[in-house]
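Chain by chain, the residues run as shown.
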Amino acid sequence: MSQSGPEGVSALDFREAMSRWASGVAVVSVRDAEGVAATTVSSFSSLSLSPPLVALALQQTSRTLKRVEAAGRFSVSVLSTAQREISVRCAKGDAEGLAFDERAFVQDSLAGLGCDVLDVHRYGDHLLLVGRVVGIQRGVEGDPLVYWNRGYRAVTAHPDLEPTRK
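Every value quoted in this text rests on a predicted model; they were computed, and no experiment measured them. All residue numbers refer to positions counted from 1 along the written sequence of the respective chain. Given that this is a predicted model, residues contribute local features only at a pLDDT of at least 70 and side-chain atom pairs are listed and counted only at 80 or more, while totals for whole chains, interfaces and linings are drawn from all residues. In computing side-chain values, all of the structure's heavy atoms are included and hydrogens and water are not.

## Topic: the pairing of strand β6 (residues 73–78)
Think of it this way: DSSP has to see at least two bridges between two strands before they count as a pair. Strands here are runs of E lasting at least two residues and helices are runs of H or I lasting at least four, both read from the DSSP assignment and numbered beginning at the N terminus. Note: strand β2 (residues 26–32) against β6, four bridges, orientation antiparallel. Looking at the pairing, Val 27 lines up with Ser 77 of β6. Bridge analysis of β6 against strand β7 (residues 111–123) gives six bridges, and the strand direction is antiparallel. Paired with Arg 73 across the bridge in β7 is Asp 116.

This is the structure in C-alpha cells:
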C-alpha cells in the first residue's frame, strides 16, 4: 500500500483506492431542443430530505454538463442489472437510439428523479451539482446495477452468520 507524503497522494493511488468503493449506477440526462444528452454516473447521492436534494459530480468537459447547465434541470435514472449496456453507452456519450421518455428518464429504470439545478461548484476536474428534486418516477422492480473494482456487479443477499434463535 502506498503512503502519502507531504505532496499528497498520486492520482493513480487515489483511483485504485476509490475502485474499492461500491456504488450504484445511474444515468444523468436532459432533454432539450437538440434531443437527449446523457452520461453515466456513480458519484450520485441524496443530500437532504427536507428539501429533497441530490448531489452528483460531472467532469468539466462533459457535453451533458453543458446542456444541463443551459437547461437548468436534469433527470437521474437508477439503473437495474438488465441495463448494463445503457450504462456503457451513456458513459461513452452515446445516447442515440436509447429509450428515454419525454422527461428524459431511461425507460424501465428502477427509479427516476426529476431535478432543478440548485447550485454548481467547481472542485478539481469536476463540477458538483446540487439538484432540488421536483418529481419522482417509481420504476420497475429489479436488482440494482452496481459498479465495484472497475466492473459491473449485481447485489446478492448477505447470508446470515447465525440462524436467529427464538
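## Considerations on a nonpolar patch on the surface
A cluster of nonpolar residues, Val 9, Phe 14, Met 18 and Trp 21, forms a patch on the protein surface that exposes about 480 Å² of accessible area. Relative to the assigned elements, Val 9 resides in the segment before α1 (11–18). For every residue, the accessible area (1.4 Å probe, protein chains only) is compared with the maximum for its type, and the residue is labelled buried under 20%, exposed over 50%, or partly exposed between those bounds. The exposure class of Val 9 is exposed, given its relative accessible area of 57%. Patch membership needs two things, relative accessible area over 30% and no salt bridge, and members are linked within 9 Å if like-charged or within 5 Å if nonpolar (Val, Leu, Ile, Met, Phe, Trp, Tyr). Every accessible area reported is derived by Shrake-Rupley at a probe size of 1.4 Å, with residue values counting cover from the shown protein chains alone. What counts as a salt bridge is simple: a side-chain nitrogen of Lys or Arg found within 4 Å of a carboxyl oxygen of Asp or Glu.

## Notes on the confidence of the model for the protein
Per residue, pLDDT captures the predictor's confidence, and it can take any value from 0 to 100. Scored by pLDDT, the protein has a mean of 90; 93% of the residues are at 70 or more. The secondary structure element of the protein with the lowest average pLDDT is strand β10 (residues 151–154), at 86, and the one with the highest is β6, at 98.

## Some points on the nonpolar core
Among soluble globular proteins, nonpolar side chains are generally buried collectively. If you look at the biggest cluster of nonpolar residues, it comprises 17 residues, and the most contacted ones within it are Leu 56, Phe 74, Val 76 and Leu 129. Mapped by element, the contributors of at least two residues to this core are β2, β3 (35–41), β5 (53–59), α2 (63–71), β6, β7 and β8 (126–138). For this analysis, residues touch if any pair of their heavy atoms sits within 4.5 Å. If near-sequence neighbours (up to four positions away) are discounted, Leu 129 is found in contact with Val 54, Ala 55, Leu 56, Leu 58, Leu 65, Val 68, Phe 74, Asp 119 and Val 120. By size, the runner-up hydrophobic cluster in this structure holds eleven residues, among which are Val 27, Ile 86, Phe 100 and Leu 145. To define a nonpolar core, start from buried Ala, Val, Leu, Ile, Met, Phe, Trp, Tyr and Cys residues and group those joined through side-chain atoms within 4.5 Å.

## Some remarks on the sheet that holds β5
On the basis of which strands lie adjacent, the open sheet formed by seven strands has the order β3-β2-β6-β7-β8-β5-β4 and antiparallel pairing. Because the sheet does not close on itself, it has two edges, and the strands there are β3 and β4 (44–48). Averaged over neighbouring strand pairs, the angle between their axes works out to 35° when direction is ignored. Taken together, the seven bridges between β5 and β8 define a ladder with antiparallel strand orientation. For Leu 58, the partnering residue across the bridge sits in β8 and is Leu 127. Its contacts with the sheet put α2 on β2, β3, β5, β6, β7 and β8, and the angle it makes with β3 is roughly 120°. Only the stretch in contact is used when fitting a helix axis, every axis being a line fitted to C-alpha atoms; angles between N-to-C directions are given from 0 to 180 degrees. Along the sheet, helix α3 (residues 84–91) contacts β2 and β3; its crossing angle with β3, the most-contacted strand, is approximately 105°.

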